[in-house]
Amino acid sequence: MSERLAAIAPSATLAVDAKAKALKAQGENVVGFGAGEPDFPTPSHIVEAAAAACRDPKNHVYTPAGGLPELKEAIAAKTRRDSGFECDPAQVLVTNGGKHAVFTAFAVLCDPGDEVICPAPYWTTYPEAIALAGGVPVIVETTDETSFKVTVDQLEAAYTDRTKAVLFVSPDNPSGSVYTPAETRAIGEWALERGVWVITDEIYEHLTYGPHEFSSMPVLVPDLAEQCLILNGVAKTYAMTGWRVGWLIGPNDVVKAATNFQSHATSNVNNVAQRATIAALNGGLDDVAMMRAAFDRRGTTMHRMLSDIDGVTCMEPQGAFYCFPNVSGLLGRDLDGAVASTTLELADLVLEKSKVAFVAGEAFGAPGYARFSFALGDDDLVEGISRIAKLAAG
(Lines give C-alpha, C1' and ligand atoms only; values in the text may rest on other atoms or scores of the structure.)
Protein backbone atom coordinates (compact mmCIF):
# COMPACT_ATOMS: atom_id res chain seq x y z
CA MET A 1 0.00 0.00 0.00
CA SER A 2 1.25 3.51 -0.74
CA GLU A 3 2.43 5.56 2.23
CA ARG A 4 0.22 8.40 1.04
CA LEU A 5 -3.02 6.42 1.35
CA ALA A 6 -1.92 4.39 4.36
CA ALA A 7 -1.53 7.64 6.29
CA ILE A 8 -5.15 8.73 5.77
CA ALA A 9 -7.29 8.73 8.90
CA PRO A 10 -10.93 7.72 8.46
CA SER A 11 -13.56 10.45 8.59
CA ALA A 12 -14.28 10.84 12.29
CA THR A 13 -17.75 12.26 11.70
CA LEU A 14 -18.77 9.37 9.45
CA ALA A 15 -17.21 6.86 11.87
CA VAL A 16 -19.25 8.20 14.79
CA ASP A 17 -22.41 8.19 12.69
CA ALA A 18 -21.76 4.62 11.58
CA LYS A 19 -21.17 3.50 15.16
CA ALA A 20 -24.41 5.09 16.31
CA LYS A 21 -26.36 3.52 13.46
CA ALA A 22 -24.83 0.11 14.19
CA LEU A 23 -25.97 0.31 17.82
CA LYS A 24 -29.44 1.37 16.68
CA ALA A 25 -29.55 -1.66 14.39
CA GLN A 26 -28.85 -3.80 17.45
CA GLY A 27 -31.90 -2.33 19.15
CA GLU A 28 -30.16 0.31 21.27
CA ASN A 29 -31.95 3.65 21.75
CA VAL A 30 -29.09 5.85 20.55
CA VAL A 31 -29.29 9.60 19.98
CA GLY A 32 -26.72 10.61 17.36
CA PHE A 33 -25.26 14.11 17.24
CA GLY A 34 -22.44 13.05 14.94
CA ALA A 35 -23.31 13.62 11.29
CA GLY A 36 -23.78 17.07 9.79
CA GLU A 37 -26.83 16.05 7.82
CA PRO A 38 -30.22 17.82 7.67
CA ASP A 39 -33.00 15.59 8.92
CA PHE A 40 -35.45 16.98 6.37
CA PRO A 41 -36.28 15.17 3.12
CA THR A 42 -35.16 16.77 -0.12
CA PRO A 43 -37.92 19.21 -1.25
CA SER A 44 -40.50 17.52 -3.48
CA HIS A 45 -40.00 19.70 -6.56
CA ILE A 46 -36.35 18.63 -6.64
CA VAL A 47 -37.27 14.97 -6.35
CA GLU A 48 -39.84 15.32 -9.14
CA ALA A 49 -37.24 16.92 -11.40
CA ALA A 50 -34.96 13.94 -10.76
CA ALA A 51 -37.73 11.46 -11.52
CA ALA A 52 -38.39 13.18 -14.84
CA ALA A 53 -34.66 13.20 -15.60
CA CYS A 54 -34.50 9.44 -15.07
CA ARG A 55 -37.01 8.93 -17.88
CA ASP A 56 -35.16 11.14 -20.35
CA PRO A 57 -32.60 9.19 -22.43
CA LYS A 58 -30.32 12.24 -22.72
CA ASN A 59 -29.40 11.64 -19.08
CA HIS A 60 -28.40 8.04 -19.73
CA VAL A 61 -25.10 8.89 -21.45
CA TYR A 62 -21.82 10.67 -20.74
CA THR A 63 -22.03 14.44 -20.50
CA PRO A 64 -19.30 17.12 -20.24
CA ALA A 65 -16.79 16.38 -17.47
CA GLY A 66 -17.06 19.90 -16.07
CA GLY A 67 -20.83 19.74 -15.63
CA LEU A 68 -24.01 20.21 -17.64
CA PRO A 69 -23.95 23.65 -19.31
CA GLU A 70 -27.42 24.39 -17.91
CA LEU A 71 -26.22 23.61 -14.39
CA LYS A 72 -23.09 25.74 -14.71
CA GLU A 73 -25.30 28.62 -15.82
CA ALA A 74 -27.63 28.03 -12.86
CA ILE A 75 -24.67 27.98 -10.45
CA ALA A 76 -23.32 31.25 -11.86
CA ALA A 77 -26.78 32.84 -11.55
CA LYS A 78 -27.28 31.48 -8.02
CA THR A 79 -23.87 32.77 -6.92
CA ARG A 80 -24.67 36.23 -8.28
CA ARG A 81 -28.06 36.18 -6.52
CA ASP A 82 -26.96 34.86 -3.15
CA SER A 83 -23.50 36.34 -2.58
CA GLY A 84 -23.11 39.05 -5.20
CA PHE A 85 -20.10 37.38 -6.84
CA GLU A 86 -20.09 37.66 -10.62
CA CYS A 87 -18.69 34.71 -12.54
CA ASP A 88 -18.99 33.17 -15.97
CA PRO A 89 -20.26 29.59 -16.35
CA ALA A 90 -16.82 28.70 -17.73
CA GLN A 91 -15.42 29.45 -14.27
CA VAL A 92 -17.56 26.68 -12.72
CA LEU A 93 -16.62 23.02 -12.21
CA VAL A 94 -19.39 20.70 -11.02
CA THR A 95 -18.06 18.07 -8.62
CA ASN A 96 -19.21 14.88 -6.92
CA GLY A 97 -20.28 16.64 -3.74
CA GLY A 98 -18.65 19.42 -1.75
CA LYS A 99 -15.98 17.05 -0.43
CA HIS A 100 -14.83 16.35 -3.97
CA ALA A 101 -14.60 20.11 -4.58
CA VAL A 102 -12.37 20.39 -1.50
CA PHE A 103 -10.01 17.68 -2.72
CA THR A 104 -9.91 19.09 -6.25
CA ALA A 105 -9.15 22.60 -4.98
CA PHE A 106 -6.04 21.45 -3.13
CA ALA A 107 -5.03 19.12 -5.95
CA VAL A 108 -5.10 21.93 -8.51
CA LEU A 109 -3.14 24.39 -6.34
CA CYS A 110 -0.60 22.39 -4.35
CA ASP A 111 2.82 21.21 -5.40
CA PRO A 112 4.76 18.96 -3.00
CA GLY A 113 5.78 20.94 0.06
CA ASP A 114 3.42 23.86 -0.51
CA GLU A 115 1.96 25.03 2.79
CA VAL A 116 -1.75 25.67 3.37
CA ILE A 117 -2.75 27.62 6.48
CA CYS A 118 -5.62 25.73 8.11
CA PRO A 119 -7.30 27.35 11.13
CA ALA A 120 -8.41 24.96 13.88
CA PRO A 121 -10.94 23.76 14.73
CA TYR A 122 -11.23 22.51 11.17
CA TRP A 123 -13.53 20.10 9.38
CA THR A 124 -11.82 16.74 9.67
CA THR A 125 -11.39 16.31 5.88
CA TYR A 126 -9.39 19.49 5.19
CA PRO A 127 -5.94 18.41 6.49
CA GLU A 128 -6.30 15.00 4.84
CA ALA A 129 -7.15 16.57 1.48
CA ILE A 130 -4.21 18.98 1.75
CA ALA A 131 -1.80 16.14 2.52
CA LEU A 132 -3.16 13.93 -0.28
CA ALA A 133 -2.47 16.76 -2.72
CA GLY A 134 1.15 16.91 -1.56
CA GLY A 135 0.63 20.02 0.53
CA VAL A 136 1.53 20.63 4.15
CA PRO A 137 -1.29 21.72 6.48
CA VAL A 138 -0.13 24.50 8.81
CA ILE A 139 -2.52 24.46 11.75
CA VAL A 140 -3.37 27.76 13.46
CA GLU A 141 -5.26 27.22 16.70
CA THR A 142 -8.23 29.28 17.89
CA THR A 143 -10.47 29.01 20.96
CA ASP A 144 -13.92 29.97 22.13
CA GLU A 145 -12.40 33.11 23.69
CA THR A 146 -12.06 34.53 20.16
CA SER A 147 -15.23 32.85 18.87
CA PHE A 148 -12.94 30.39 17.05
CA LYS A 149 -11.86 33.07 14.56
CA VAL A 150 -8.34 33.39 13.25
CA THR A 151 -6.75 36.86 13.14
CA VAL A 152 -4.55 38.51 10.55
CA ASP A 153 -1.73 38.57 13.11
CA GLN A 154 -1.99 34.79 13.47
CA LEU A 155 -1.96 34.34 9.70
CA GLU A 156 1.08 36.58 9.40
CA ALA A 157 2.88 34.57 12.09
CA ALA A 158 2.13 31.34 10.19
CA TYR A 159 3.22 32.71 6.82
CA THR A 160 6.45 31.46 5.22
CA ASP A 161 7.91 31.58 1.73
CA ARG A 162 6.23 28.18 1.11
CA THR A 163 2.71 29.43 1.95
CA LYS A 164 0.50 28.77 -1.08
CA ALA A 165 -3.00 29.20 0.31
CA VAL A 166 -5.15 29.92 3.34
CA LEU A 167 -8.37 28.06 4.04
CA PHE A 168 -11.33 30.25 5.03
CA VAL A 169 -14.67 28.83 6.21
CA SER A 170 -17.61 30.99 7.31
CA PRO A 171 -20.11 29.89 8.57
CA ASP A 172 -17.76 27.36 10.06
CA ASN A 173 -17.92 23.63 10.62
CA PRO A 174 -17.40 22.57 13.43
CA SER A 175 -17.39 25.74 15.53
CA GLY A 176 -20.54 27.45 14.25
CA SER A 177 -18.73 30.80 14.07
CA VAL A 178 -19.41 33.46 11.42
CA TYR A 179 -16.84 36.09 10.49
CA THR A 180 -18.07 39.69 10.26
CA PRO A 181 -17.67 41.52 6.95
CA ALA A 182 -14.82 43.56 8.47
CA GLU A 183 -13.00 40.41 9.63
CA THR A 184 -13.53 38.75 6.27
CA ARG A 185 -12.28 41.78 4.37
CA ALA A 186 -9.16 42.06 6.54
CA ILE A 187 -8.16 38.46 5.84
CA GLY A 188 -8.83 38.91 2.13
CA GLU A 189 -6.70 42.05 1.99
CA TRP A 190 -3.89 40.26 3.83
CA ALA A 191 -4.01 37.37 1.34
CA LEU A 192 -4.01 39.79 -1.58
CA GLU A 193 -1.02 41.68 -0.22
CA ARG A 194 0.91 38.46 0.45
CA GLY A 195 0.02 36.87 -2.88
CA VAL A 196 -1.59 33.92 -1.10
CA TRP A 197 -4.49 31.97 -2.59
CA VAL A 198 -7.73 31.76 -0.62
CA ILE A 199 -9.88 28.65 -0.66
CA THR A 200 -13.23 29.74 0.77
CA ASP A 201 -15.83 27.09 1.61
CA GLU A 202 -19.27 28.70 1.46
CA ILE A 203 -21.48 25.63 1.78
CA TYR A 204 -23.26 26.93 4.92
CA GLU A 205 -23.90 30.39 3.44
CA HIS A 206 -27.67 30.31 4.06
CA LEU A 207 -27.46 29.02 7.64
CA THR A 208 -26.79 32.04 9.86
CA TYR A 209 -28.66 33.15 12.97
CA GLY A 210 -29.44 36.32 14.89
CA PRO A 211 -27.38 39.32 13.77
CA HIS A 212 -24.80 37.18 12.00
CA GLU A 213 -24.71 37.28 8.21
CA PHE A 214 -22.71 35.51 5.53
CA SER A 215 -20.31 37.57 3.43
CA SER A 216 -18.25 36.35 0.48
CA MET A 217 -14.58 37.31 0.60
CA PRO A 218 -14.04 37.94 -3.14
CA VAL A 219 -17.07 40.24 -3.13
CA LEU A 220 -15.60 42.32 -0.30
CA VAL A 221 -12.11 42.21 -1.88
CA PRO A 222 -12.79 42.12 -5.65
CA ASP A 223 -9.10 42.07 -6.63
CA LEU A 224 -8.81 38.73 -4.82
CA ALA A 225 -10.94 36.95 -7.45
CA GLU A 226 -7.87 35.94 -9.49
CA GLN A 227 -6.36 34.10 -6.52
CA CYS A 228 -9.48 32.65 -4.90
CA LEU A 229 -11.42 29.39 -5.21
CA ILE A 230 -15.02 29.29 -4.00
CA LEU A 231 -16.39 25.92 -2.88
CA ASN A 232 -20.08 25.19 -2.44
CA GLY A 233 -22.80 22.61 -2.98
CA VAL A 234 -26.43 21.70 -2.41
CA ALA A 235 -26.00 19.23 0.46
CA LYS A 236 -26.67 21.48 3.45
CA THR A 237 -28.86 24.20 1.95
CA TYR A 238 -31.32 21.95 0.15
CA ALA A 239 -31.12 18.77 2.30
CA MET A 240 -29.38 16.92 -0.55
CA THR A 241 -26.45 15.26 1.21
CA GLY A 242 -26.95 11.97 -0.62
CA TRP A 243 -27.27 13.50 -4.08
CA ARG A 244 -23.53 14.33 -4.17
CA VAL A 245 -23.36 17.57 -6.15
CA GLY A 246 -20.94 20.35 -5.32
CA TRP A 247 -18.92 22.87 -7.28
CA LEU A 248 -15.76 24.91 -7.50
CA ILE A 249 -15.56 28.45 -8.89
CA GLY A 250 -12.27 30.10 -9.80
CA PRO A 251 -10.11 31.71 -12.48
CA ASN A 252 -10.50 30.21 -15.95
CA ASP A 253 -7.07 28.62 -16.18
CA VAL A 254 -7.39 26.94 -12.77
CA VAL A 255 -10.88 25.64 -13.50
CA LYS A 256 -9.70 24.32 -16.88
CA ALA A 257 -6.91 22.37 -15.18
CA ALA A 258 -9.28 21.08 -12.50
CA THR A 259 -11.75 20.00 -15.19
CA ASN A 260 -9.01 18.09 -17.01
CA PHE A 261 -8.16 16.36 -13.74
CA GLN A 262 -11.79 15.43 -13.13
CA SER A 263 -12.16 14.12 -16.68
CA HIS A 264 -9.64 11.41 -15.81
CA ALA A 265 -10.74 10.85 -12.21
CA THR A 266 -14.53 10.62 -12.37
CA SER A 267 -15.81 11.67 -15.82
CA ASN A 268 -19.08 13.53 -15.34
CA VAL A 269 -21.15 13.91 -12.19
CA ASN A 270 -24.36 11.84 -12.10
CA ASN A 271 -26.68 13.40 -14.67
CA VAL A 272 -29.90 12.86 -12.74
CA ALA A 273 -28.42 14.54 -9.66
CA GLN A 274 -27.26 17.44 -11.84
CA ARG A 275 -30.80 17.89 -13.20
CA ALA A 276 -32.14 17.81 -9.64
CA THR A 277 -29.61 20.47 -8.67
CA ILE A 278 -30.81 22.74 -11.48
CA ALA A 279 -34.31 22.48 -10.01
CA ALA A 280 -32.97 23.24 -6.54
CA LEU A 281 -31.03 26.33 -7.57
CA ASN A 282 -33.84 27.69 -9.76
CA GLY A 283 -36.63 26.83 -7.32
CA GLY A 284 -36.34 29.65 -4.81
CA LEU A 285 -35.40 29.64 -1.13
CA ASP A 286 -38.74 29.04 0.63
CA ASP A 287 -37.80 25.53 1.73
CA VAL A 288 -34.41 26.81 2.81
CA ALA A 289 -36.05 29.46 5.01
CA MET A 290 -38.19 26.80 6.69
CA MET A 291 -35.21 24.59 7.46
CA ARG A 292 -33.14 27.53 8.66
CA ALA A 293 -35.89 28.53 11.11
CA ALA A 294 -35.93 25.00 12.51
CA PHE A 295 -32.15 24.93 12.88
CA ASP A 296 -32.22 28.32 14.60
CA ARG A 297 -34.75 27.05 17.14
CA ARG A 298 -32.83 23.84 17.76
CA GLY A 299 -29.50 25.63 18.11
CA THR A 300 -30.98 27.93 20.74
CA THR A 301 -32.32 24.95 22.68
CA MET A 302 -29.08 22.99 22.46
CA HIS A 303 -26.95 25.97 23.52
CA ARG A 304 -29.14 26.58 26.55
CA MET A 305 -29.15 22.95 27.64
CA LEU A 306 -25.41 22.45 27.16
CA SER A 307 -24.64 25.67 29.04
CA ASP A 308 -26.69 24.41 31.98
CA ILE A 309 -24.45 21.35 32.42
CA ASP A 310 -21.86 21.74 35.17
CA GLY A 311 -18.42 21.56 33.58
CA VAL A 312 -19.56 22.61 30.09
CA THR A 313 -19.32 26.05 28.47
CA CYS A 314 -20.67 26.75 25.02
CA MET A 315 -20.57 29.58 22.51
CA GLU A 316 -23.97 30.34 21.05
CA PRO A 317 -24.00 29.06 17.46
CA GLN A 318 -23.77 31.84 14.90
CA GLY A 319 -24.15 29.70 11.79
CA ALA A 320 -24.10 26.19 10.29
CA PHE A 321 -25.87 23.62 12.53
CA TYR A 322 -23.36 22.79 15.24
CA CYS A 323 -22.65 23.61 18.85
CA PHE A 324 -18.99 23.24 19.78
CA PRO A 325 -18.88 23.26 23.57
CA ASN A 326 -15.81 23.15 25.80
CA VAL A 327 -16.31 19.91 27.74
CA SER A 328 -12.94 19.81 29.47
CA GLY A 329 -14.73 20.35 32.79
CA LEU A 330 -16.11 16.81 32.47
CA LEU A 331 -12.66 15.26 32.18
CA GLY A 332 -11.18 13.62 35.24
CA ARG A 333 -14.58 13.40 36.92
CA ASP A 334 -16.43 10.31 38.04
CA LEU A 335 -19.22 9.73 35.53
CA ASP A 336 -21.27 6.76 36.66
CA GLY A 337 -18.18 4.91 37.85
CA ALA A 338 -15.95 5.80 34.92
CA VAL A 339 -13.43 8.57 34.27
CA ALA A 340 -12.34 10.08 30.94
CA SER A 341 -9.00 11.85 30.60
CA THR A 342 -9.49 13.01 26.99
CA THR A 343 -12.49 14.04 24.92
CA LEU A 344 -11.96 10.94 22.80
CA GLU A 345 -12.41 8.83 25.92
CA LEU A 346 -15.35 11.01 26.98
CA ALA A 347 -17.12 10.38 23.67
CA ASP A 348 -16.75 6.62 24.12
CA LEU A 349 -17.86 6.83 27.76
CA VAL A 350 -20.99 8.86 26.94
CA LEU A 351 -21.90 6.50 24.11
CA GLU A 352 -21.50 3.50 26.42
CA LYS A 353 -23.23 4.96 29.47
CA SER A 354 -25.90 7.22 27.96
CA LYS A 355 -26.22 5.95 24.39
CA VAL A 356 -25.45 9.41 23.00
CA ALA A 357 -23.00 9.89 20.11
CA PHE A 358 -21.00 13.05 19.45
CA VAL A 359 -17.65 13.78 17.79
CA ALA A 360 -14.66 14.49 20.03
CA GLY A 361 -12.72 17.69 19.44
CA GLU A 362 -9.52 15.81 18.59
CA ALA A 363 -11.07 15.07 15.17
CA PHE A 364 -11.11 18.81 14.50
CA GLY A 365 -7.74 19.71 15.97
CA ALA A 366 -9.37 20.99 19.17
CA PRO A 367 -8.96 18.63 22.16
CA GLY A 368 -11.23 19.52 25.06
CA TYR A 369 -14.13 20.43 22.78
CA ALA A 370 -16.89 18.38 21.18
CA ARG A 371 -19.12 18.83 18.14
CA PHE A 372 -22.86 18.37 18.48
CA SER A 373 -24.99 18.63 15.35
CA PHE A 374 -28.46 20.05 15.91
CA ALA A 375 -29.66 18.82 12.51
CA LEU A 376 -31.98 16.31 14.17
CA GLY A 377 -35.53 16.32 15.56
CA ASP A 378 -36.38 18.55 18.52
CA ASP A 379 -37.45 15.67 20.76
CA ASP A 380 -34.32 13.64 20.07
CA LEU A 381 -32.18 16.71 20.69
CA VAL A 382 -33.72 17.34 24.11
CA GLU A 383 -33.54 13.67 25.03
CA GLY A 384 -29.87 13.35 24.07
CA ILE A 385 -28.62 16.45 25.91
CA SER A 386 -30.78 15.52 28.93
CA ARG A 387 -29.03 12.15 29.12
CA ILE A 388 -25.62 13.86 29.15
CA ALA A 389 -26.80 16.30 31.82
CA LYS A 390 -27.99 13.39 33.94
CA LEU A 391 -24.67 11.59 33.55
CA ALA A 392 -22.73 14.74 34.49
CA ALA A 393 -24.94 15.35 37.55
CA GLY A 394 -24.26 11.86 38.88
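Everything discussed here concerns the structure shown above.
Each chain carries its own residue numbering, running from 1 in the written order of its sequence. Reporting in this predicted model follows two pLDDT cut-offs: at least 70 for local features of residues, and 80 or more for side-chain atom pairs to be given and counted; totals over whole chains, interfaces and linings ignore these cut-offs and use all residues. Water and hydrogen atoms were dropped before computing side-chain values, which therefore reflect all heavy atoms in the structure.

## Some points on the sheet that holds strand β12 (residues 370–373)
Stated formally: Whether two strands pair comes down to DSSP finding at least two bridges between them. Strands are runs of DSSP state E lasting at least two residues, helices are runs of H or I lasting at least four, and both sets are numbered from the N terminus onward.
The strand order across the open sheet formed by three strands is β9-β12-β11, and the pairing between neighbours is antiparallel. With partners counted over all chains shown, the strands left at the sheet margins are β9 (322–323) and β11 (359–360), one partner each. The pairing of β9 with β12 spans two bridges and is antiparallel. Note on β12: the bridge partner recorded for Tyr322 is Ser373.

## Re the layout of surface pockets
Rules: The definitions used throughout rest on a 1 Å grid laid over the protein atoms alone, on which a cavity is an enclosed set of points accommodating a 1.4 Å probe that cannot get out and a pocket is an open set flanked by protein within 12 Å on both sides along at least five of seven lines; lining residues are those having an atom within 4 Å of a point. Grid points are joined across faces, edges and corners, and a volume is the space filled by probe spheres set on the points. When residues are sorted by character, Ala, Val, Leu, Ile, Met, Phe, Trp, Tyr, Cys and Pro go into the nonpolar class, Asp, Glu, Lys and Arg into the charged class, and all the rest, Gly among them, into the polar class.
By volume, the largest pocket amounts to about 540 Å³. Lining the largest pocket are 26 residues, and of these Gly36, Lys99, Trp123, Lys236 and Arg244 sit closest to its centre. When contributions to the lining of the largest pocket are tallied by element, the ones reaching two or more residues are α2 (12–25), α5 (98–109) and β7 (228–233). Among the elements that line the lining of the largest pocket, the one with the most residues is α2, at four residues. Classifying every residue of the lining of the largest pocket gives eleven nonpolar, seven polar and eight charged. Approximately 280 Å³ is the volume attributed to the second largest pocket. Around the second largest pocket sit 17 residues that line it, and Asp17, Lys24, Gly32, Ala375 and Leu376 are the ones nearest its centre. Contributions of two or more residues to the lining of the second largest pocket are made by α2 and β1 (31–32). The leading source of residues in the lining of the second largest pocket is α2, at four residues.

Purely geometric numbers; function is a separate question.
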